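# Notes for the structure review
Chain by chain, the residues:
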Amino acid sequence: MQRATYPRDPILLVDDDEFELEAVRLVLDGEGFNHVVCCSDSRQVLGLLSQETFSIVVLDVAMPYLSGTELLPLVLEHQPNASIIFVSATTDVNVAVELLHRGAHDYLTKPFDSRRFMTTIRTYLERWEAQQEIFRMRESLLLGQPSRPENFQHVVTQNAGMLKVFSYLEAIAPTDLPVLVMGETGVGKESIAEAVHKASGRQGPFVPVNLGGLDDQLFSDALFGHVKGAFTGALGVRTGFIQQASGGTLFLDEVGDLSPESQVKLLRLLQNR
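Okay, so let's go over this structure.

### Overview of the overall build of the protein chain
Check the secondary structure of the protein chain and you find 10 helices and 9 strands. By principal-axis analysis of the C-alpha atoms, the protein chain measures approximately 60 × 55 × 30 Å. Put simply, the protein chain has 273 residues, and 40% of those count as buried. Intrachain contacts of the protein chain at a sequence separation of at least 6 include 64% that bridge at least 24 residues. Distance from the positive charge centre (22 side chains) to the negative charge centre (35 side chains) of the protein chain: 3 Å.

### A short note on helix H1 (residues 18-30)
Between its first and last C-alpha, H1 extends 18 Å over 13 residues, near the 18 Å set by a 1.5 Å rise per residue. Sitting at the head of H1, aspartate 17 places a side-chain oxygen 3.0 Å from the backbone nitrogen of phenylalanine 19.

### Some words on the packing of aromatic side chains
One pass over the full model with this rule turns up 2 aromatic pairs. Here tyrosine 6 and phenylalanine 33 contribute two aromatic rings whose centre-to-centre distance is 5.2 Å and whose plane-to-plane angle is 55 degrees, an arrangement assigned as tilted. Of this pair, tyrosine 6 sits in the segment before strand S1 (11-14) while phenylalanine 33 sits in the loop between H1 and strand S2 (36-39); the two residues are 27 residues apart in sequence, bridging distant segments of the chain. Relative accessible area serves as the criterion here: at 8%, tyrosine 6 is assigned to the buried category. Of the residues examined, phenylalanine 33 reaches a relative accessible area of 3% and is grouped as buried. Summarising the aromatic geometry, the rings of phenylalanine 206 and phenylalanine 251 are spaced 6.3 Å apart at their centres and angled 20 degrees between planes, so their arrangement reads as stacked. Residue phenylalanine 206 is located in strand S6 (residues 206-210), and its partner phenylalanine 251 is located in strand S9 (residues 249-253); the two are separated by 45 residues in the primary sequence. No difference in accessibility class separates phenylalanine 206 from phenylalanine 251, as the two residues are buried.

### Looking at the sheet that holds S1
Taken in spatial order, the 5 strands line up as S2-S1-S3-S4-S5 in an open sheet, and their pairing is parallel. At either end of the open sheet lies a strand with only one pairing partner, and these are S2 and strand S5 (106-109). The average undirected angle you get between the axes of adjacent strands in this sheet is 20 degrees. Alignment of S1 against S2, held across 4 bridges, turns out to be parallel. Residue pairing in the sheet places leucine 12 in a bridge with valine 37 of S2. The sheet contacts of helix H4 (residues 93-101) involve strand S4 (83-88) and S5, and relative to S5 the element is tilted by about 155 degrees.

### Describing the packing of helix H6 (residues 160-172) against helix H7 (residues 189-200)
Two quantities define a packed helix pair, namely the angle between the helix axes and the distance between the axes. Packing of H6 against H7 leaves a shortest axis separation of 9 Å and a crossing angle of 50 degrees. With respect to H7, the axis of H6 lies oblique. When you trace H6 past H7, the crossing you get is right-handed. Packed against H6, whose contacting residues are Met162, Phe166, Leu169 and Glu170, the element H7 presents Ile192, Val196 and Ala199 at the interface.

### Examining the side chain of glutamine 79
Inspection of the secondary structure assignment puts glutamine 79 in the loop between helix H3 (68-78) and S4. Judged by its relative accessible area of 6%, glutamine 79 is buried. Polar side-chain contacts of glutamine 79 include one of 2.8 Å to the backbone nitrogen of phenylalanine 54. Dropping the residues within four chain positions of it, glutamine 79 is found in contact with Leu49, Glu52, Thr53 and Phe54.

### Observations concerning unusual backbone geometry
Residue proline 7 follows tyrosine 6 across a cis peptide bond; omega there is -5 degrees. Topologically, proline 7 is positioned in the segment before S1. Unusually for a residue other than glycine, tyrosine 65 sits at a positive phi of about 70 degrees. Residue placement: tyrosine 65 occurs in the loop between strand S3 (56-59) and H3. What makes tyrosine 65 exposed here is its relative accessible area of 56%. Unusually for a residue other than glycine, glutamate 254 sits at a positive phi of about 60 degrees. With respect to the element layout, glutamate 254 can be found in the loop between S9 and helix H10 (260-272).

Calculation criteria
- Residues numbered from 1 in each chain as written.
- Predicted model: local features only at pLDDT ≥ 70, side-chain atom pairs only at ≥ 80, totals over all residues.
- Heavy atoms only, no water.
- Helix = DSSP H or I, 4+ residues; strand = E, 2+ residues; numbered from the N terminus.
- Buried < 20%, exposed > 50% of the residue type's maximum accessible area, 1.4 Å probe, protein only.
- Contact = heavy atoms within 4.5 Å.
- Lys, Arg positive; Asp, Glu negative; His and termini not counted.
- Charge placed at Lys NZ, Arg CZ, Asp CG, Glu CD.
- Expected span 1.5 Å × (residues − 1).
- Polar contact = N/O pair within 3.5 Å; in protein donor to acceptor, adjacent residues only side chain to side chain.
- Phe/Tyr/Trp six-rings, centres within 6.5 Å; stacked < 30°, edge-to-face > 60°.
- Pairing = 2+ DSSP bridges.
- Axes fitted to C-alpha atoms, helices over the stretch in contact; angles between N-to-C directions.
- Parallel < 35°, antiparallel > 145°, perpendicular 65-115°, else oblique.
- Left-handed = near helix turned anticlockwise from the far one by under 90°.

See the structure below:
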């Protein structure tokens, strides 16, 4: 199964301890954050900052060659929108306060609590995604129409209001956040969802699923699939729609018709990715 790249803009980890570096990478990977760049030589950080845009930069304080304290102004200069998180064995409150005053966003001590670390990462990543969405919306609103109209050619219109909707969709499509499309039956929600998929640039398929009339068991089986022997009548392996849509977009139609139990499962899916 092809894993979707997340986050779209990678996380940079800088620590001279390669075992510590790999441990943090595994924690992130286990939570679905697989777009991570690791650097054990602080002298290479400047080159990395000039080559790629990072959403979050995690720095150790004490390192040979260039310390995290010395790297801080370089990160602020080259990537002022990135969130900078220090992870260090130093428990001196004065050090933490100084770094925060100089522009760092957070300071965690080693050995760090993985749950708190992931909460911190998610918080700053959500802030980054919201910030990027605002930037894209500003650009799209200035244009007044989508920059790539071919993504919307299956929706036939010359209405100025719809063209503004297309611009908005183009702004939010690259994000990794779920998108809620609202409207009565027959207004074209699936066409809009397909346009979002095309504008996102995702290489995986667009998989539409109508959830109307599915009970809780059928909902779980449709989305997650099953293995042979999972329940009575499961004679083989069935691939769920989530796996089928890997690397692409899963469009769930008529979510309002789901039972409360199924809606809880869907909420958990969206929260935990």
